Amino acid sequence: MSLESCPRLTAAWLLTVMLPLAGGCASPYRADQGALYGGLGGAGIGALVGEAVNQPLAGAAIGAAVGTLSGAAVGASLDDIEARNRAEIAARLGRPAPVGAVTVTDVIAMTQAGVSEPVIVNHIRAHGVAAPPGTNDLITLQSNGVSAGVIQAMQTSPGPAVVVGPGSAPMPPPVIIERHYWDDPWSHHP
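A few points on the structure. (Residues numbered from 1 in each chain as written. Predicted model: local features only at pLDDT ≥ 70, side-chain atom pairs only at ≥ 80, totals over all residues. Heavy atoms only, no water.)

## Focus on helix H5 (residues 117-127)
Alright, step 1. Every buried residue of H5 is listed here: Val119, Ile120, Val121, His123, Ile124, Ala126 and His127.
Alright, step 2. Buried residues belonging to H5 abut helix H2 (30-51), helix H3 (56-93), helix H4 (104-112) and helix H7 (148-156).
Alright, step 3. Once H5 finishes, glycine 128 follows within two positions and takes phi at roughly 75 degrees, a positive value. (Buried < 20%, exposed > 50% of the residue type's maximum accessible area, 1.4 Å probe, protein only. Helix = DSSP H or I, 4+ residues; strand = E, 2+ residues; numbered from the N terminus. Contact = heavy atoms within 4.5 Å.)

Here it is as structure tokens:
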């Protein structure tokens, strides 16, 4: 029995080969992450499409290639935006942009240095907030001229973005492909 003749074996093979790769990508670059997840997603979709023409492995290979290239392109674009934002923040502050989760002090410093609202908001969304602003933080932010849009971004952004090391990245859940066959009761009766 060939691997292509059994869809369950094909899916199991794809999961066995591709999912361990996901655990090894701890790169902080979105281009790398996009290439990995685009390749995995493309392989899965390609396998499903390829199965329709009895070529799931070919479909997976083509899907992985297209997904990897597309994911890398999207990720590289996001990396470029982040680099421009960090450069503007650094130019305005006269020092490198804050590393890690954004604090109330960071936001006040960026606002007072004249960093634009969209750049501050993108920085907050990219890096998360160290802690959600409390009542006193909100008063401090507003009294230091921080815009309502930036304050809202701080309130709605998740905690710090976490980059995990190799071997400790959480694995995505497995993809389970099931085929259901049923008998049409109307086809047996005249």
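## What about the nonpolar core?
Alright, step 1. The biggest cluster of nonpolar side chains holds 20 residues, and the ones touching the most others in it are Val107, Met110, Ile124 and Leu141.
Alright, step 2. Apart from the residues within four sequence positions on either side, valine 107 is in contact with Val102, Ile124, Leu141, Val146, Val150 and Met154. (Core = buried A, V, L, I, M, F, W, Y, C linked by side-chain atoms within 4.5 Å.)

## A look at the environment of glutamine 142
Alright, step 1. Inspection of the secondary structure assignment puts glutamine 142 in helix H6 (residues 135-143).
Alright, step 2. Considered as a pair, glutamine 142 and isoleucine 108 are 34 residues apart in the sequence and their alpha carbons are 9.3 Å apart.

## Some remarks on the side chain of aspartate 106
Alright, step 1. Tracing the backbone shows aspartate 106 in helix H4.
Alright, step 2. Within polar-contact distance, the side chain of aspartate 106 engages the backbone nitrogen of threonine 103 at 3.0 Å. (Polar contact = N/O pair within 3.5 Å; in protein donor to acceptor, adjacent residues only side chain to side chain.)

## Side note on the packing of H6 against H7
Alright, step 1. Running from N to C, H6 and H7 point in directions that differ by 155 degrees, and their axes come no closer than 10 Å. Judged by the inter-axis angle, H6 sits roughly antiparallel to H7. In terms of crossing hand, the pair formed by H6 and H7 is right-handed. Two secondary-structure elements touch here, H6 through Leu138, Leu141 and Gln142 and H7 through Ile151, Met154 and Gln155.
Alright, step 2. When grouped by side-chain class, the residues that make up the contact of H6 with H7 number 4 nonpolar, 2 polar and no charged. (Axes fitted to C-alpha atoms, helices over the stretch in contact; angles between N-to-C directions. Parallel < 35°, antiparallel > 145°, perpendicular 65-115°, else oblique. Left-handed = near helix turned anticlockwise from the far one by under 90°. Nonpolar A, V, L, I, M, F, W, Y, C, P; charged D, E, K, R; others polar.)

## Side note on a nonpolar patch on the surface
Alright, step 1. Taken together, the side chains of Val74, Leu78 and Ile81 make up a nonpolar region of the molecular surface, amounting to roughly 240 Å² of accessible area.
Alright, step 2. Tracing the sequence through the fold places valine 74 in helix H3.
Alright, step 3. Judged by its relative accessible area of 52%, valine 74 is exposed. (Patch = residues over 30% accessible without salt bridge, like charges linked within 9 Å, V, L, I, M, F, W, Y side chains within 5 Å. Areas by Shrake-Rupley, 256 points an atom, 1.4 Å probe, with all protein chains shown as cover. Salt bridge = Lys/Arg side-chain N within 4 Å of Asp/Glu carboxyl O.)

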